[in-house]
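# Coordinates in review
The residues making up each chain are set out below.
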Amino acid sequence: MNIEHHQVVSREEWLAARREHLAHEKAFTRERDKLSAERRALPWVKIDKPYRFQGLHGELSLADLFGGRSQLIIYHFMFGPGWTEGCQGCSFLSDHIDGANQHLAHHDVAVVAVSRAPFAEFQPFKRRMGWAFDWVSSHGCDFNYDFGVSFKTEDTAAGIATYNYEKTDTTEGELPGLSVFYRNEAGDIFHTYSTYARGLDILVGTYNYLDLTPKGRNEDEIMDWVRHHDKYEEAKPRGCCHS
């Protein structure tokens, strides 16, 4: 669609088109509600493996990451051993966590980022980005491999590596994802859901804003315009009303 030659109509014609589109939006909302209910109804898998993580105050279990809550969302942040910066896409998504977490933390949900790099290696980057959310290391345990976001070279070479529930020949050692867990009153932990790739779009509030605009996401490849938030060039004012 050429935005410079977009169709222009009368207010009455616009209202008719908008009401037709509203019907489609409402149908989509109902379908999304059904999909969310279907997601909640998925069966669970009990976690028996003793995963260990490293945090600010030392070693942590998976149970510790819940912080006393019954629900845990883990964002699998792409930051491998030896890296000096986190993935731009993961950083873009993570810029949205702290705002939501002000509310989630009071609604029985813990949100924690997990990366495979040793804990000390991503602390300078976290400080640089100004994030407050909990971010721990899974270095030395199988967590990232078991949840399909880190890949061993030999597995890729053997054709047994999987990402987003299908075989992958990725040459990336790390990819993004999100996993959800539930802890019952007896202390048992269950894996309830994981999503990857475009399934993570729902976490990126910026995209929801862009999807409302005439140019939309305006990208040739997903997130090709995204930078770490301290690397954008300052936009030149364009008809700005502020002095």
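Report follows, based on the coordinates. (Residues numbered from 1 in each chain as written. Predicted model: local features only at pLDDT ≥ 70, side-chain atom pairs only at ≥ 80, totals over all residues. Heavy atoms only, no water.)

### A few points about the nonpolar core
One finds Phe77, Phe79, Phe125, Trp131 and Trp135 to be the most contacted residues of the largest nonpolar core, which totals 26 residues. Among the elements that take part in this core, helix 4 (residues 119–129) stands out by supplying four residues, more than any other. (Core = buried A, V, L, I, M, F, W, Y, C linked by side-chain atoms within 4.5 Å. Buried < 20%, exposed > 50% of the residue type's maximum accessible area, 1.4 Å probe, protein only. Helix = DSSP H or I, 4+ residues; strand = E, 2+ residues; numbered from the N terminus.)

### Here we look at the pairing of strand 2 (residues 52–55)
Residue alternation in strand 2 divides its side chains into a buried set, Phe53 and Gly55, and an unburied set, Arg52 and Gln54. Examined bridge by bridge, strand 2 and strand 3 (residues 58–61) share four bridges and lie antiparallel to one another. Of the residues in strand 3, the one forming a bridge with Gly55 is Gly58. (Pairing = 2+ DSSP bridges.)

### Digging into the pattern of salt bridges
This structure, assessed with the given rule, holds 13 salt bridges. A salt bridge links Arg128 to Glu85; its shortest N-O distance comes to 2.8 Å. Within this pair, whereas Arg128 is found in helix 4, its partner Glu85 is found in the loop between strand 4 (71–76) and helix 2 (88–94), the two being separated by 43 residues in sequence. On the basis of relative accessible area, Arg128 is assigned to the partly exposed category, the value being 33%. Given a relative accessible area of 25%, Glu85 falls into the partly exposed group. Among the salt bridges present, the one from Arg217 reaches Asp211, with a minimum N-O distance of 2.9 Å. What makes Asp211 partly exposed here is its relative accessible area of 43%. Where salt bridges share partners, they join Glu85, Arg128, Asp230 and Lys231 into one cluster. (Salt bridge = Lys/Arg side-chain N within 4 Å of Asp/Glu carboxyl O.)

### Examining the packing of aromatic side chains
Applying the stated criterion to the full structure yields 26 aromatic pairs. Ring geometry for Trp44 against Tyr182: centres 5.1 Å apart, planes inclined by 45°, an arrangement best described as tilted. Placement of Trp44 in the loop between helix 1 (11–40) and strand 1 (45–46) and of Tyr182 in strand 9 (residues 177–183) is noted, with a sequence separation of 138 residues between them. With a relative accessible area of 27%, Tyr182 lands in the partly exposed category. Aromatic side chains Tyr51 and Phe143 sit 5.2 Å apart centroid to centroid with 85° between the ring planes, which places their arrangement in the edge-to-face category. Of this pair, Tyr51 sits in the loop between strand 1 and strand 2 while Phe143 sits in helix 5 (residues 143–146), and the two are 92 residues apart along the sequence. (Phe/Tyr/Trp six-rings, centres within 6.5 Å; stacked < 30°, edge-to-face > 60°.)

### Comments concerning a nonpolar patch on the surface
Taken together, the side chains of Val9, Trp14 and Leu15 define a hydrophobic patch exposed on the protein surface, amounting to about 240 Å² of accessible area. Mapped onto the secondary structure, Val9 falls in the segment before helix 1. (Patch = residues over 30% accessible without salt bridge, like charges linked within 9 Å, V, L, I, M, F, W, Y side chains within 5 Å. Areas by Shrake-Rupley, 256 points an atom, 1.4 Å probe, with all protein chains shown as cover.)

### Section: helix 4
Side chains three or four residues apart in an α-helix point the same way, a direct result of the helix having 3.6 residues per turn. Residues Phe119, Phe122, Gln123, Phe125, Lys126 and Met129 constitute the buried set of helix 4. Among the structural elements, strand 2, helix 2, strand 5 (109–115) and strand 6 (134–137) are those in contact with the buried residues of helix 4. Following helix 4 by one or two positions, Gly130 has its phi on the positive side, about 75°. (Contact = heavy atoms within 4.5 Å.)

### Considerations on the pairing of strand 5
Consecutive side chains of a regular strand alternate in pointing toward one face of the sheet and then the other. Within strand 5, seven of the seven residues are buried, leaving the element largely enclosed by the surrounding structure. Side-chain alternation along strand 5 places Val109, Val111, Ala113 and Ser115 on one buried face and Ala110, Val112 and Val114 on a second face that is also buried. Bridging between strand 4 and strand 5 involves six bridges; their strand directions are parallel. Bridge pairing in strand 5 links Ile74 to Val112. A crossover connection joins strand 5 to the parallel strand 6 through helix 4; in handedness this β-α-β unit is right-handed. (Right-handed = clockwise from strand over helix to strand, strands pointing away.)

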